[in-house]
Every structure is written in structure tokens, then in C-alpha cells.
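Okay, here's what each chain looks like letter by letter:
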Amino acid sequence: MDIHIVSPNDYRQIHQLRDYCFPNKYTGARREDFHYWIEQSTTLGAYDHKKIVGQLLILPLNMTVHGVPYKMGGIGFVATYPEYRQQGVIKRLMIEALQKMRDNGQTISVLAPFSVSFYRHFGWELFFEKLHYTIPQAQFPSFGKQLDIVKRMSFEWVEPELFKEIKDFHNIMAILQNGGMVRDDAWWKRIERRSPDSHFAAYFQADKIEGYIRYTIQQGTFVIQDFIVANYLAEQAIWRYITSHAASVDQITGVTSNHYPFGFYFKEPQFKREVIQDVMVRVVDVAAFMQQYPWGDITETLTIRIDDPFCHWNEHVYQINKNGQVSIIETNSVSDKHMLTLPINLFSAMMVGYLSVKEAVVYANQSTVEKTLQRWQRALPTEKPAFYEYF
């Protein structure tokens, strides 16, 4: 069996495999969208002679980590035919994907797992807790009456100037948010193809956009798809807009971050909430990732050993000096207790801010002196990540 990039002549086989292995068959705009990403991605196929029996797409995306933009490989549409399962097909695809991402300069990767334990085995780790909420009409938030400047459009009736302002605002906020993904026109087109009924409402203050939502209204439910605001005044205004639909909707649903104090200022904040962990992250190239990393206060040289059985290029001992410069050193030059020793999955979750240094060390079952932990904790930004995109 061979693993290599799929040629355009075999794209039809990718469609066939996806349609067989996933619960819904793509038609119309969704099929068009999937085909676009087959063409744009690093699309890997597992070939049994001329037949594709397994597949994996590496989408060329991006991700902000503590204010620094990184090239990110979005792993999606991983599948193999049932008669070829338990034969190591997906394992070989994953190993090849890691090499391809490194070659492409994609130093970090994100995926939505069908099994957390399966992808954790290959070095990915959970890094974001999504809070799904449902607010019944009796508990809709109330922020008083006020005349807000809100402009509205939809994918069906696009206002070009307004849409440009929304897209620009979204990307400004994505750069500021740890875990944010800048959306280019291709990604917005993907969103439109997957949710053509979406509406937009943008709040303006002094002729400047300060927040927007993307939403649908389905059978009496106001479904919030994006909720991006620059400040609390904008948040209040957006909620006033949402609740102005109270005569025609029975409930509001949406997604936010579990670490955000959502609903704190609501008069009736006791509504249904459910925490879901359905995205995982992995550092693909440790040296390149740390060279870009926005280090905090490094008072003394930091040392870390990385265990990564699927990426031999990462298995080194690294030192980071006071200027944030990263180098590889000999393993016997530093005592084990004076450096961190982490598997790649825990290292990844720690560096993006999901796990603290102490939590990562505890989960790794390592013995490290307290002063070393404190030095690392001071050196790492502490903002929790939030990642809302789906692929």
C-alpha cells in the first residue's frame, strides 16, 4: 500500500470515500465546497494499487497563539473503508501528514477528533472547552431600552461595504484572541456554502464597527453562529438586538468559551449549559514553534526535553535563553529535576495556554523542582485559548 498526494484524476474517489464513511452525502453547495478544499489542501490518499482506500486532508489554515500568527494544518475528512480498517492505514496517513505539515511550514495543527484517545496517541491534545448554551424566552437577558445603531445583511442579500467591515473586524479580533483564526475570502465562502441562510447584524459606535453576530432563525430558535464584540457596550447592544426577536423566537442557542464568565450580568443567568471538548491541538515542529513564541519573563535559561515518537525531529532537549532564542543541547548537561520533560501532547496544550505548567508536569508524572516550575510559569502567557472554527 502506498501513501501519497492524490492526483486530480482521483478526486472522484475522494468524494466516494467521504460519502461512504460519513453519515451524510454531500450534494450541491456542500459538495462544491468539499471539492474546493480537496484542491486547495494537501490531500493524502492510501492506495491499494489504483484504488484509494484511505484519505486525509490537511487544510492550509492559520491560528493565533498569544498574539503570534502561525501557519496551521487543519486535519479533516480522515477516513478508510471498513474492509481496510485495523490494518494501520490511518496510522500511516497520520505519520505522513505530520511530515507534510513540517515540510509546508505548518508548525501547529488542529483537528476535531472522532476519538480523543486515538488522536492523543499521535500527539494531539484537547485545548478548548466549548460552552453550548440554551436560553429560554423567560430568561432572555435584558439590558434596558436604547437606540443602538445596528446594520443588517445576509448571505442572500449581501451589502458589500458592510460585509467588508464585518470581515475586517472579525480578523482584527481574531488576531487579538488566543486561538483565533483569521478568515480569508475562501473561508468565508466555505461558511456561506455550509450555512447559506445566515444573517448578520453589526453594531456601530461613532461610525466604527464594535461588534457583530452571524445567526439563523430556525423553527422558533435564534441560533448564534458568531458573536464577536470589542467591548461590553457592544455586547449589551448585540443582546438588545437578539432579544428584540422575542415575539418570534422561543429560545436562543449559541457557543462560547467555558472560561468566559458568560451570563454573569444577566438578571436570570440560570439556563442550560453543556461543556463540550471537541477540538485538539498539536505542535508539529517544536523548534520552529518556539522560535516564534511570544515568551514572557525569562529570568534564567529554560530547559525542556520533548518526547515525540511520531516526529523524530522533535525529540531533543531544548534551551531557551533570556532573549527567547532556542537551541538544542546535549542531554547530559542538565539535571532531569531542573528541566521539564513532557510528551508532545502535554507540551502543546501547555504552550497554547490550556494547561498550566504545573498541570502539564502532573499529567506527565514528572518530578521537577518548584523553582523550575515557577520560572516556566513566568515565561509563558496565561490567556486561555478559544477556537470556534470547524472543519
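The structure we're discussing is the one just above.
Reference entry: report on the structure contained in this document. Because the structure is a prediction, the values reported are computed rather than measured.

1. Re the overall build of the chain
Looking only at helices and strands, the chain features 11 helices and 18 strands. Judged by the C-alpha coordinates and their principal axes, the chain covers about 70 × 55 × 35 Å. Per-residue burial over the chain gives 53% buried out of 391 residues. Taking as baseline every contact in the chain between residues at least 6 positions apart, the subset at least 24 positions apart corresponds to 71%. Split by element, the accessible area of the chain, about 18,700 Å² in all, is 49% carbon and sulfur. The average position of the 40 basic charges and that of the 42 acidic charges among the side chains of the chain differ by 2 Å.

2. Comments concerning the pattern of salt bridges
Scanning all chains against the criterion turns up 20 salt bridges. For the salt bridge of R183 with E389, the shortest nitrogen-to-oxygen distance reads 2.8 Å. With R183 in the loop between α5 (160–176) and α6 (185–194) and E389 in the segment after α11 (370–379), the pair connects residues that are 206 residues apart, well separated along the chain. One salt bridge connects K189 with E192, and the closest N-O pair in it is separated by 3.6 Å. On the criterion of helical spacing, the pair formed by K189 and E192 is a turn pair, its members being three residues apart in helix α6. Under the relative-accessibility criterion, K189 is labelled partly exposed at 38%. Look at E192 and you get partly exposed, because its relative accessible area is 24%. By sharing partners, the salt bridges in this structure join E32, D33, R190 and R193 into a single network.

What counts and how
- Residues numbered from 1 in each chain as written.
- Predicted model: local features only at pLDDT ≥ 70, side-chain atom pairs only at ≥ 80, totals over all residues.
- Heavy atoms only, no water.
- Helix = DSSP H or I, 4+ residues; strand = E, 2+ residues; numbered from the N terminus.
- Buried < 20%, exposed > 50% of the residue type's maximum accessible area, 1.4 Å probe, protein only.
- Contact = heavy atoms within 4.5 Å.
- Areas by Shrake-Rupley, 256 points an atom, 1.4 Å probe, with all protein chains shown as cover.
- Lys, Arg positive; Asp, Glu negative; His and termini not counted.
- Charge placed at Lys NZ, Arg CZ, Asp CG, Glu CD.
- Salt bridge = Lys/Arg side-chain N within 4 Å of Asp/Glu carboxyl O.

Bear in mind that shape data such as this cannot, by itself, settle questions of function.
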